[in-house]
Amino acid sequence: MSFYPEIEAQPPADIRRVQEQKLKELLQYTAQHSAFYQHLYRANNIDVSTIRTIEDLAQIPVTTKDDLYKFNKDFICVPPEQVIDYVTTSGTLGDPLTVVLTDKDLERLAYNEHISLSCAGGSRHDVYQLMTTIDRRFMAGMAYFLGIRRMGAGVVRVGNGMPEFQWDTIRRLQPSVAIAVPSFILRLIEFARQHGIDYKNASIKKIVCIGEPIRNEDFSLNTLGQRITEQWPVQLFSTYASTEMAAAFTECEAGRGGHHHPELIIAEFLDEANQPVKPGEPGELTVTTLGVEGMPLVRFKTGDICVAHHEPCACGRSTLRVSPILGRRQQMIKFKGTTLYPPALYNILNNAPYIKNYIVEVYTNEIGTDEILINIGATSPPHNFEKELKDHFRARLRVAPDIRLDTPENILARQMPEMSRKPITFIDRRHK
Ligand SMILES: [Zn+2]
């Protein structure tokens, strides 16, 4: 079987050779053009010409999201006339972070999505319905469009929300694949049921799921993934990406984690002391971008915790795969001796049909440890819901947080403050 690009099925030694060549180019480039990295290399007495292997890379200190935010302009390597597209992503201190892309970066982005969607079984014979926004300073929607165009497939840019408009498009244009936030798919199904739409026989057979995990750590479908596939016989593919890395980890048909594109990124998995984690242990994905011109990053800590899988995949690719994101490093909760991340709580809450919405709050209690309060929005929960819910938490996570009942309207109002692009489901009130 052959792959495009060929590197996907090459032996690890060949992949490494490609990466190390591109790494040398990146280090030279940042030493010449990036004010931030020039300063970092000087301050740490680093001569980039001596860094030749992926192991050598550990000599360079990591770059944090705080660095990006504080020195945003110093990361930009090109004059303004070379910038084509400006996007923003949320910073650490509230204000957004600006990321710039040159023409070459847009081609890299298109290539990334082309090979990612191919990995998810896509081809030029497909028609994609894009259920995500393409503007609003986002990178993702545009990246999908560019990738689909490069692949030669068809695309319908519907945008997010608007279930009626989505179903009208599906009926008229018969797309074969949707790209969507998985929780929105549940809304689509609900709308179809209420309006007598024969969604089970709709033209869409595959959904590329963005923004939210659809699998558990062992790759079985999580509550969200199960609720979709129980109702609608579609194949789900998870994809994980971020604006800073301008690349994606997308599942193949085997559904065993998102495949790495080694020609675009060097991936490391680090612990809190910035040391590599042991094989099989969760670590913070740390990326070095290869081939980026506008705003390249060296050892950027994404904040996302996942597990790396190195064994060859059933699909024939030899590239590493990443598990579903377990959570954000900053959102790690140490609750009654158990380490957990908010998505593990969401997974249980999503499983209770009477819960319409929720907000998870974490705060520091009087003895200085983490405490969790879950606000749930429900109109008529079962009389023993609190005990039942706590039992579910204990069974899955060994611990049970406090639960407070509220109306779905109140929760919704708190979830959607002005200027927010995504509903807020997690509030961190801990003392830092
Ligand atoms: Zn695979």
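Up top you'll find the structure we're talking about.
As a convention, each chain's residues are numbered from 1 in the sequence order in which they are written. Residue-level local features of this predicted model are given only where pLDDT is at least 70; pairs of side-chain atoms are given and counted only at 80 or more, and the full residue set underlies all totals for whole chains, interfaces and linings. Computation of side-chain values: all heavy atoms of the structure, hydrogens and water removed.

K.L.:
Which parts of the structure should I look at to understand the pairing of strand S18 (residues 357-364)?
P.N.:
Every regular strand shows the same layout, with side chains that alternate between the two sheet faces. Buried residues are those whose accessible area, probed at 1.4 Å on protein chains only, stays under 20% of the maximum for their type, while exposed residues exceed 50% and partly exposed ones sit between those limits. The numbering of helices and of strands both runs from the N terminus, where a helix is a DSSP run of H or I of at least 4 residues and a strand a run of E of at least 2. Burial analysis of S18 places 7 of its 8 residues in the buried class, the great majority of the element. Note: two strands are recorded as paired if DSSP finds a minimum of 2 bridges between them. The pairing of S18 with strand S19 (residues 370-377) spans 8 bridges and is antiparallel. Residue pairing in the sheet places Ile 359 in a bridge with Asn 375 of S19. Hairpin connection of S18 to S19: 5 residues between the antiparallel strands, including Gly 368 at a positive phi of 85°. Pairing between S18 and strand S21 (residues 426-429): 4 bridges, direction parallel.

K.L.:
Mind showing me how you'd approach the sheet that holds strand S10 (residues 265-270) here?
P.N.:
Sheet strands pair via backbone hydrogen bonds, and the direction of the pair is either parallel or antiparallel. Pairing is antiparallel across the open sheet formed by 4 strands, whose spatial order is S10-S11-S12-S15. At either end of the open sheet lies a strand with only one pairing partner, and these are S10 and strand S15 (327-328). Alignment of strand S12 (residues 300-306) against S15, held across 2 bridges, turns out to be antiparallel. Across the sheet, residue Ile 305 finds its bridge partner in S15, namely Gly 327.

K.L.:
Just checking my understanding: could you explain the coordination of the zinc ion for this structure?
P.N.:
Metal coordination angles in their ideal form are 109.5 degrees for the four-donor tetrahedron and 90 or 180 degrees for the six-donor octahedron. Water is not among the atoms examined, so metal sites may look incomplete; donors are the N, O and S atoms within 2.8 Å of the metal, or within 3.2 Å for Na, K and Ca. Distances from the zinc ion to its protein donors, Cys 252 (SG), His 259 (NE2), Cys 313 (SG) and Cys 315 (SG), fall within 2.1 to 2.3 Å. Site shape is set this way: if four donors have all angles between 85 and 135 degrees, tetrahedral; if opposite donors are over 155 degrees apart and all others between 65 and 115, square planar for four donors and octahedral for six; otherwise irregular. Geometry at the zinc ion is tetrahedral, judged from its 4 donor atoms and the angles of 105 to 113° they form at the metal. Mapping the donors of the zinc ion onto the primary sequence yields the spacing C-x6-H-x53-C-x1-C. Of this pair, His 259 sits in strand S9 (residues 258-259) while Cys 315 sits in the loop between strand S13 (308-309) and strand S14 (321-322), and the two are 56 residues apart along the sequence. The two residues His 259 and Cys 315 agree in class, both being buried.

That's the geometry; what it means functionally is another story.
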